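Reading the structure
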Amino acid sequence: MGANDLQQTITLHRPAKPVTPQGLWSVEAIQSLLDKPLMDLLFEAQTVHRQHFPEGDIELATLLSVKTGGCPENCGYCPQSAEFDTGVKAQKLMEVDEVLRAAQAAKEAGATRFCMGAAWRAPKDRDVEKVAVLIEAVKGLGMQTCATLGMLEPHHAHQLKAAGLDYYNHNLDTAPEYYTDIVDTRSYQDRLDTLANVRSAGISVCCGGIVGMGEQPVHRAGLIAQLANLNPYPESVPINSLVRVPGTPLADSEPVDPFDFVRIIAVSRITMPTARVRLSAGRQQMGDAVQALCFMAGANSIFYGDKLLVTGNPDVEADVQLLRKLGLQSRRTTATEEAGACA
Ligand code: SF4
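Sequence order as written defines the numbering, with residues in each chain counted from 1. Only residues with pLDDT of 70 or above have their local features reported here, since the model is predicted, and side-chain atom pairs are shown and tallied only from 80 upward, although totals for entire chains, interfaces and linings are computed over all residues. Here the side-chain values reflect all heavy atoms present in the structure, with hydrogen atoms and water set aside.

1. Focus on the site of the ligand
Note the following rule: For this description, a residue counts as near a given molecule or strand if any of its non-hydrogen atoms is within 4 Å of it. Throughout this entry, Asp, Glu, Lys and Arg are counted as charged residues, while Ala, Val, Leu, Ile, Met, Phe, Trp, Tyr, Cys and Pro are counted as nonpolar. The remaining residues, Gly among them, count as polar.
With respect to spatial proximity, the complete set of residues near the ligand consists of Cys71, Glu73, Cys75, Tyr77, Cys78, Ser81, Ala119 and Arg186. Looking at the shell around the ligand, its residues break down into 5 nonpolar, 1 polar and 2 charged.

Here it is as structure tokens:
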């Protein structure tokens, strides 16, 4: 049997559209993908991946915490919540020169997207004005811009779009049924409302979740269903493996099995074929072999730089070496590339 025959066989063994009568992915359909034999799942994900990303390049995105700590929300995984004693010191919004220096360094190291994170529940008018200045400055370097600032009102989303914001990150974290176990200072619907405001303003959506927070398999399937059923699904899908920070309520969570993590990447690729699926937090604990399996499963974006907000990340040289060893090219964008052109 040739590769094409095998590909057809795998396609035929799966219902053409495993969806609900409303045309959505059901949690059961996603669960059955997650449960497939690993090699079949990897083959299917890689097949989908090559159809949509024939160049197979890896996007490098750098994330900077521009306003750290003191957040009034109580996300159980986050060391920046004011409710938890994690040793993270609150810092005010960084000055534009400092942010620009970090963005320039990220660009010189090969990053094409620069994401700015601020630990707010929701930015106030004056915060949005200041972040708009940061976005304009970073955009001026010819990089794609992304921000994650908490809940966003429609007029704030429009203001950020006018400043040149390409992407807004706002994760759904987990399935709706498990959400109140993780955070209870806001609702799942609050998250969906912000995502709708971002879309309405014409900003591309970066939205994913975290695994390893004590969730059940059905919650992982439920998270992917939520993401894949957004209309349209996000252009960027960061999948995080929990970094267990002492002092947070989830510090003692059971680590996620590496193969289960690979499965989640693969099913994200299959259900959101044109999204950039980002291997996000937790890479430091994964090792090169698991990361390579994640790339095989369809991950094609990484956070790049030795820090992720306030937790660790593999250093730049280690990432350069890993991509080289695997024969993977990093994605190149130019200043003239269209905003939000993440394939
Ligand atoms: S994840 Fe964001 S909203 Fe939640 S506590 Fe941390 S900084 Fe605040």
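2. Examining the packing of helix H10 (residues 258–271) against helix H12 (residues 288–296)
Which entries qualify depends on this criterion: Angles here are taken between N-to-C directions and fall from 0 to 180 degrees, while the axes themselves are lines fitted to C-alpha atoms, restricted in helices to the stretch in contact. A run of H or I in DSSP becomes a helix once it reaches four residues, and a run of E becomes a strand once it reaches two; helices and strands are each numbered from the N terminus. An angle below 35 degrees is treated as roughly parallel, one above 145 as roughly antiparallel, one from 65 to 115 as roughly perpendicular, and anything else as oblique. Handedness of a crossing is defined here by the sense of rotation of the near helix relative to the far one, left-handed for an anticlockwise turn of less than a right angle and right-handed for a clockwise turn. The contact definition used throughout considers only heavy atoms, calling two residues in contact when any of these lie within 4.5 Å.
The contact between H10 and H12 brings their axes to 8 Å, and the two run at 25°. One element, H10, and the other, H12, form an angle in the roughly parallel class. Of the two possible hands of crossing, H10 and H12 adopt the one that is right-handed. Residues Pro258, Phe259, Phe261, Val262 and Ile265 of H10 pack against Val290, Leu293 and Cys294 of H12. Taken together, the residues that form the contact of H10 with H12 break down as 8 nonpolar, no polar and no charged.

3. Some thoughts on the pattern of salt bridges
When the charged atoms of two side chains lie near each other, side chains of opposite charge can form a pair. Which entries qualify depends on this criterion: What makes a salt bridge here is a side-chain nitrogen of Lys or Arg within 4 Å of a carboxyl oxygen of Asp or Glu, nothing more. For the exposure calls, accessible area comes from a 1.4 Å probe over protein chains only, and a residue counts as buried if that area is under 20% of its type's maximum, exposed if over 50%, partly exposed in between.
All chains considered together, the criterion is met by 13 salt bridges. Its salt-bridge partner being aspartate 166, residue lysine 139 comes within 2.9 Å of it at the nearest N-O pair. With lysine 139 in helix H5 (residues 125–139) and aspartate 166 in the loop between helix H6 (154–163) and strand E4 (167–169), this residue pair connects regions lying 27 residues apart in the sequence. Classification of aspartate 166 as buried rests on a relative accessible area of 4%. When the shortest N-O distance is used, the salt bridge between aspartate 260 and arginine 220 registers 3.8 Å. Of this pair, aspartate 260 sits in helix H10 while arginine 220 sits in helix H9 (residues 217–228); the two residues are 40 residues apart in sequence, bridging distant segments of the chain. The exposure class of aspartate 260 is partly exposed, given its relative accessible area of 31%. What makes arginine 220 buried here is its relative accessible area of 15%. What you see here is one network of salt bridges that share partners, running through Glu73, Arg121, Asp173 and Arg186.

4. Structural notes on the environment of glycine 76
Along the chain, the position of glycine 76 falls in the loop between strand E1 (59–67) and helix H4 (96–108). Given a relative accessible area of 3%, glycine 76 falls into the buried group. Residues glycine 76 and aspartate 181 lie 105 residues apart in sequence; the distance between their C-alpha atoms is 8.2 Å. Non-local contacts of glycine 76, meaning those with residues more than four positions away in its chain, are made with Phe84, Ile182, Thr248, Pro249 and Leu250.

5. Thoughts on the side chain of serine 236
For the record, the criterion: Pairs of N or O atoms are called polar contacts if they sit within 3.5 Å, as long as, within protein, a hydrogen donor faces a hydrogen acceptor (for residues adjacent in sequence, only side-chain-to-side-chain pairs).
Within the element layout of this structure, serine 236 appears in strand E7 (residues 236–241). There is a polar contact of 3.0 Å between the side chain of serine 236 and the side chain of arginine 113.

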